[in-house]
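Fold and geometry: a report
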Amino acid sequence: MHFEERHTPPGLEGVVSRFWFLEMPRNQRFEKILPLPYVHVIVNLSTPYAIWSRASHPTPVSHAFVSGLQSEYLVIESPPEIRHVGVELTPAGLHALAPAAAALSAGHVQDAVGILPGIADLISNLAPDVTPAAALDTLASYVRHTRVGDPDQLVLGALNELARNPATPIGTIADTLGVSNRTLIARFRTVTGTTPKQHAQVLRFHRFVDSVQDAGATPDWASLAAESGYADQPHVIRAFRRFSGWTPTEYHRLASEYGPQAAHFVPLEHIPRPAQARS
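Before going into details, it helps to say that this report is about the structure given with it. Every value quoted in this text rests on a predicted model; they were computed, and no experiment measured them.

Looking at the overall build of the protein
Check the secondary structure of the protein and you find eleven helices and eleven strands. Since a compact globule built from 279 residues should have a radius of gyration of about 19 Å, the 19 Å found for the protein is in line with a globular shape. In terms of overall dimensions, the protein has a C-alpha envelope of 50 × 50 × 35 Å along the principal axes. With 279 residues in all, the protein has 52% of them scored as buried.

As structure tokens, then:
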């Protein structure tokens, strides 16, 4: 396995969380990706990925694709040899690169060529045998030159408030920022493709998953639920079923087989059965 990561470079604060390069053989043919509070743009330097729908139909994805803010899990089929370079954008970052892109990509994985300007040139500049350092430099340069404006400061303010406490009422955040609920929700949706409430739910779940991994072999589910802002264990179970398709214990058993790196990207031997086929 080869992994390199670069954090936010100067001038891209509020747009980029990190860049990364990954090269490794896949753990399993399939992978379940739990909802993440970020947007990913990935340039694939290997054979194609495929997205599996809930009806078990695979859809190949192109050389470069955008994974917008998700409110459900994704199931992907990875190439035998994973080799790609990517950028993790903040929830407001995609709008700063292409203002119409956030609404188009929210809840989807889409061909970046139809969303991001100049992406075809980026693909052509990244040969399959490009070095990790060169790939990261090229992608960072692309993001820097594609950026068309600053992130929306009102939305960044709301994101910062939710990052401090995902349970903060939207009305309280709107009051803090000096706008109406309607204005905040409309601006947030335009910039991110989702609502503050939906983002807060995904953010809380994402952090709960991290806390489960940190808890080790025997999580104290009741304590973790309380610390994460869930009302009780049934609340946690409902959130897990919604965002992962598993109960907390099912998730922990599967993710623990592969270590912390599988916390949000869980390898699978087989694709999950469609919900209507479950007993």
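Text resumes after the structure shown.
Some thoughts on the sheet that holds strand E10 (residues 109-111)
With antiparallel pairing, six strands are arranged side by side in an open sheet as E1-E2-E9-E4-E7-E10. If you trace the sheet from one side to the other, it starts and ends with strand E1 (2-7) and E10, each paired once. Across the sheet, the mean angle from the axis of one strand to that of its neighbour is 20 degrees, orientation sign disregarded. Relative to strand E7 (residues 64-67), strand E4 (residues 39-44) runs antiparallel, the two being bridged by four bridges. Directly across from His-40, in E7, lies its bridge partner Ser-67. Taken strand by strand, helix H4 (residues 132-146) contacts E1, strand E2 (16-25) and strand E9 (81-89), and its axis lies near 150 degrees from that of E2.

Considerations on the packing of aromatic side chains
Tallying each qualifying case throughout the model produces nine aromatic pairs. A ring pair is formed by Phe-205 and Phe-243, whose centres lie 5.1 Å apart and whose planes are at 40 degrees; its orientation type is tilted. Of this pair, Phe-205 sits in helix H8 (residues 196-215) while Phe-243 sits in helix H10 (residues 233-244), and the two are 38 residues apart along the sequence. Taking relative accessible area as the criterion, Phe-205 reaches 1% and is therefore assigned buried.

Describing the nonpolar core
Ranked by size, the top nonpolar core spans 33 residues in total, and within it Phe-19, Leu-89, Leu-116 and Val-143 carry the most contacts. Breaking this core down by element, the ones donating at least two residues are E2, E4, E7, E9, helix H1 (93-97), helix H3 (119-125) and H4. Counting residues per element, this core draws most heavily on H4, at six residues. If we skip the residues at most four places from it in the chain, Val-143 touches Leu-12, Val-16, Phe-19, Val-87 and Leu-97. One finds Leu-34, Phe-208, Val-212 and Tyr-251 within the second-largest nonpolar core, a separate group that totals 26 residues.

Here we look at the pairing of E9
Across the nine residues that make up E9, a large majority, eight, are buried. As paired strands, E2 and E9 are joined by nine bridges and run antiparallel to one another. Within E9, the residue paired with Phe-19 across the bridge is Val-87. With six bridges connecting them, E4 and E9 associate as antiparallel partners. Across the sheet, residue Asn-44 finds its bridge partner in E9, namely His-84.

What about helix H6 (residues 170-177)?
By the burial criterion, the buried members of H6 are Ile-170, Ile-173 and Ala-174. Down the axis of H6, the sector holding all buried residues measures 100 degrees, keeping them to one side. Along H6, exposed side chains directed more than 90 degrees from the buried face belong to Asp-175 and Thr-176.

Regarding the pairing of strand E8 (residues 74-77)
By the alternation rule, side chains of E8 split into Leu-74 and Ile-76 and Val-75 and Glu-77, which are all buried. Across four bridges, strand E3 (residues 30-33) lies against E8 in antiparallel orientation. Of the residues in E8, the one forming a bridge with Ile-33 is Leu-74. Of the pairings in the sheet, the one linking strand E5 (residues 50-52) to E8 comprises three bridges and is antiparallel in character. Residue pairing across strands places Ala-50 opposite Glu-77, the latter belonging to E8.

Observations concerning helix H11 (residues 248-256)
By the burial criterion, the buried members of H11 are Pro-248, Tyr-251, His-252, Leu-254 and Ala-255. Of the surrounding secondary structure, the elements contacted by the buried residues of H11 are H8, helix H9 (221-227), H10 and strand E11 (265-268).

Conventions adopted
- Residues numbered from 1 in each chain as written.
- Predicted model: local features only at pLDDT ≥ 70, side-chain atom pairs only at ≥ 80, totals over all residues.
- Heavy atoms only, no water.
- Helix = DSSP H or I, 4+ residues; strand = E, 2+ residues; numbered from the N terminus.
- Rg over C-alpha atoms; globule rule 2.2 N^0.38 Å.
- Buried < 20%, exposed > 50% of the residue type's maximum accessible area, 1.4 Å probe, protein only.
- Pairing = 2+ DSSP bridges.
- Axes fitted to C-alpha atoms, helices over the stretch in contact; angles between N-to-C directions.
- Contact = heavy atoms within 4.5 Å.
- Phe/Tyr/Trp six-rings, centres within 6.5 Å; stacked < 30°, edge-to-face > 60°.
- Core = buried A, V, L, I, M, F, W, Y, C linked by side-chain atoms within 4.5 Å.
- Arc of directions from axis to C-beta.

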